[in-house]
Every structure is written in structure tokens, then in C-alpha cells.
Amino acid sequence: MKRIEIIIKVMSIAFFIVLWHFLVVLKVIPLAIPSPVDVAKVYTSTFFVEHILGAILSSLEHVVVGFGLALMVAVPLGMFMGWFKPIEFTISPIVELFRPIPPIAWVAFALITFRNYLHVSAFIIFVGAFFPILTNTVHGFRTVSIEYIEVARSFGASKKDLLTKIALPHALPDILTGVKVGLGVGWMCVIAAEMFGAPGLGWIIIQMEYIHNLEAVMAFMFVVGALGFCMEQGLKFLEAKVLRWQRGLVRG
């Protein structure tokens, strides 16, 4: 089944590239969009070869710092908010006040507040990744079945056991869902943050836009997409390993 899925995915990408090529060649799209051949030529250019590795490493550094901080703060906070109602009642209004603010709206604040672009990018990624992780973690701990708790108490489970051995395993699928969503949002945020001057893929894309090099813009955009895809697949692999016990329940 996995082999069939891979073949279908590869065929869908190939179909998209062929369709894109013919739409450009036949001038069906009334826009100055380059063909796949023109975009592919960028990957062999001297500029791409000289700059791609450094740009990728810079962007990944920003993601590691920002997303790592979001993970370290959001998971414990979400755990306590979902498990202890007084904490949720106290912190929830503050969270709901800031949650609707788009991460990109924090760029001006970050540029004025922080002294270097690493801190700026990390902060924007932190904001983007923090709320999905927090929300899903809270939901995971809040929805623990009371029957599980009562059964565990009847066997003499302590409050610590209820939290770590009952609530945490129950909340783990929701936490991992929040991690996947948070990483996706964080990866989009790093590109947006880098467009304002931080070194990385976003900065190169905006520089190529300034000189109207659409082929290079699209080439680096596809690099961004490919890296995001690899991150998502890595998290899915981790999720499958961590949640092996779920296969018989919900995965077949």
C-alpha cells in the first residue's frame, strides 16, 4: 500500500509539472510565469549553488530556536491549563487576547524590540508556533475521560500518576497534532520574517523579487516547499512511532 501511495504522489507531481509546462507554452495563462524548464535552470546556476546551503542553514537555525522555545513553553503551560481549571481561568483571557493577532503583525514590534535578526525571526516563529501547540495541548488534557480517572484512583493512583500516566498518554495525539500545525505555521513565519532582512531563504526570495527574477523566486519557493514537506513527513514518522499503540484502535 505504501508503494502505491508513493507512486500516486510522484505521478501527481509529474502531472502538475507537465500541465504547468503546457499552460505556459500554449500561453493559456496570461501572466509572465516561467516554465518548469526555466525554473530548473536556476538550480544549476552559480548563484544558487553558492547561496543555497547557507540560506537553508540560516532558516533552519531560526526555526530551531523559535519553534524549540514555543515547544518548551506551550506544552507545559497547556498541560497545566488543561488539567487545572483555576490556571486555565487565569491564563485563558490573556491567551485569547493575543491569539487572534497574526504573527506577521508582530514583525514591526520585533524589529524595534530586538537587536539582531536571529532574535526577530525566532520571536515571529515562536508566536506562530506557540498558539497551535498550546491550544491542542489544552484540549488533549481537558478531554481526559472521567472514567479513566476514577478507575485509576480505585487502584490507588496518586495525583502525579493521574497526570503523567493517564492524562499525558491521552493528550499525546493532540499534542503531536499541535506540534505538526505549529511547525507548519512556524516555517511559514520564518520566510515572512526573513523578508525583512534576516539572512535565509526568505531574504533571497525578496532580493530576487527586487531584480524581477521570477525564475529564481519560484526556484527558491520550491526549496521552501520541499523543506516544509520533509519536516512534515519527519513528524508523521515520529508520530507513527510514538503512537504505535493507537494502530489497533483508530488506524486499522
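In this text the structure is predicted, and so the values were computed from the model without any measurement.

Of the regular secondary structure elements, the protein chain holds 11 helices and zero strands. Secondary structure elements of the protein chain occur, N-terminal to C-terminal, as α-α-α-α-α-α-α-α-α-α-α. Each principal axis of the C-alpha distribution contributes one length, and for the protein chain these read about 70 × 50 × 30 Å. For the protein chain, contacts bridging at least 24 residues in sequence account for 70% of all contacts bridging at least 6. As displayed, the protein chain has an accessible area near 15,300 Å², and 72% of this comes from carbon and sulfur atoms. Of the side chains in the protein chain, 19 bear a positive and 15 a negative charge, and the two mean positions are spaced by 8 Å.

Of note in this structure, His212 is not a glycine but carries a positive phi near 60°. Considering the arrangement of structural elements, one finds His212 in the loop between helix H9 (201-210) and helix H10 (214-242).

Mapped onto the secondary structure, Asn136 falls in helix H6 (residues 117-142). A polar side-chain atom of Asn136 sits 2.7 Å from the main-chain carbonyl oxygen of Pro132. Excluding anything up to four places from it in sequence, Asn136 contacts Asp174, Thr177 and Gly178.

Our focus in this paragraph is helix H3 (residues 46-83). Spacing of three or four residues puts side chains on the same side of an α-helix, whose turn is 3.6 residues. With 38 residues, H3 ought to run about 56 Å at 1.5 Å a step, and its terminal C-alpha atoms sit 55 Å apart, in line with that. Approximately 40° is the largest bend angle found in H3, and it occurs at Ile52.

Throughout the structure, instances matching the rule amount to four salt bridges. Two residues, Arg142 and Glu88, come together in a salt bridge whose shortest N-O distance is 2.3 Å. Placement of the pair is Arg142 in helix H6 and Glu88 in helix H4 (residues 85-98), with a sequence separation of 54 residues. Note on Glu88: relative accessible area 12%, which makes it buried. In this structure, Lys180 and Glu239 form a salt bridge, with 3.0 Å as the shortest nitrogen-oxygen distance. Taken together, the positions of Lys180 in helix H8 (residues 159-194) and Glu239 in helix H10 put the pair 59 residues apart, joining distant regions of the chain. A relative accessible area of 11% means that Glu239 is categorised as buried.

Right, let's get into the nonpolar core. With 58 residues, the main nonpolar core has Phe67, Ile124, Trp187 and Leu201 as its most contacted residues. Those elements that place two or more of their residues in this core are helix H2 (36-42), H3, helix H5 (107-113), H6, helix H7 (146-154), H8, H9 and H10. For Leu201, the residues in contact, after removing those within four places along its chain, are Ile52, Ala55, Ile56, Ser59, Trp187, Ile191, Glu194, Phe220, Val223, Val224 and Leu227.

Conventions adopted
- Residues numbered from 1 in each chain as written.
- Predicted model: local features only at pLDDT ≥ 70, side-chain atom pairs only at ≥ 80, totals over all residues.
- Heavy atoms only, no water.
- Helix = DSSP H or I, 4+ residues; strand = E, 2+ residues; numbered from the N terminus.
- Contact = heavy atoms within 4.5 Å.
- Areas by Shrake-Rupley, 256 points an atom, 1.4 Å probe, with all protein chains shown as cover.
- Lys, Arg positive; Asp, Glu negative; His and termini not counted.
- Charge placed at Lys NZ, Arg CZ, Asp CG, Glu CD.
- Polar contact = N/O pair within 3.5 Å; in protein donor to acceptor, adjacent residues only side chain to side chain.
- Expected span 1.5 Å × (residues − 1).
- Bend = angle between axes of the 7 residues up to and from the residue.
- Salt bridge = Lys/Arg side-chain N within 4 Å of Asp/Glu carboxyl O.
- Buried < 20%, exposed > 50% of the residue type's maximum accessible area, 1.4 Å probe, protein only.
- Core = buried A, V, L, I, M, F, W, Y, C linked by side-chain atoms within 4.5 Å.

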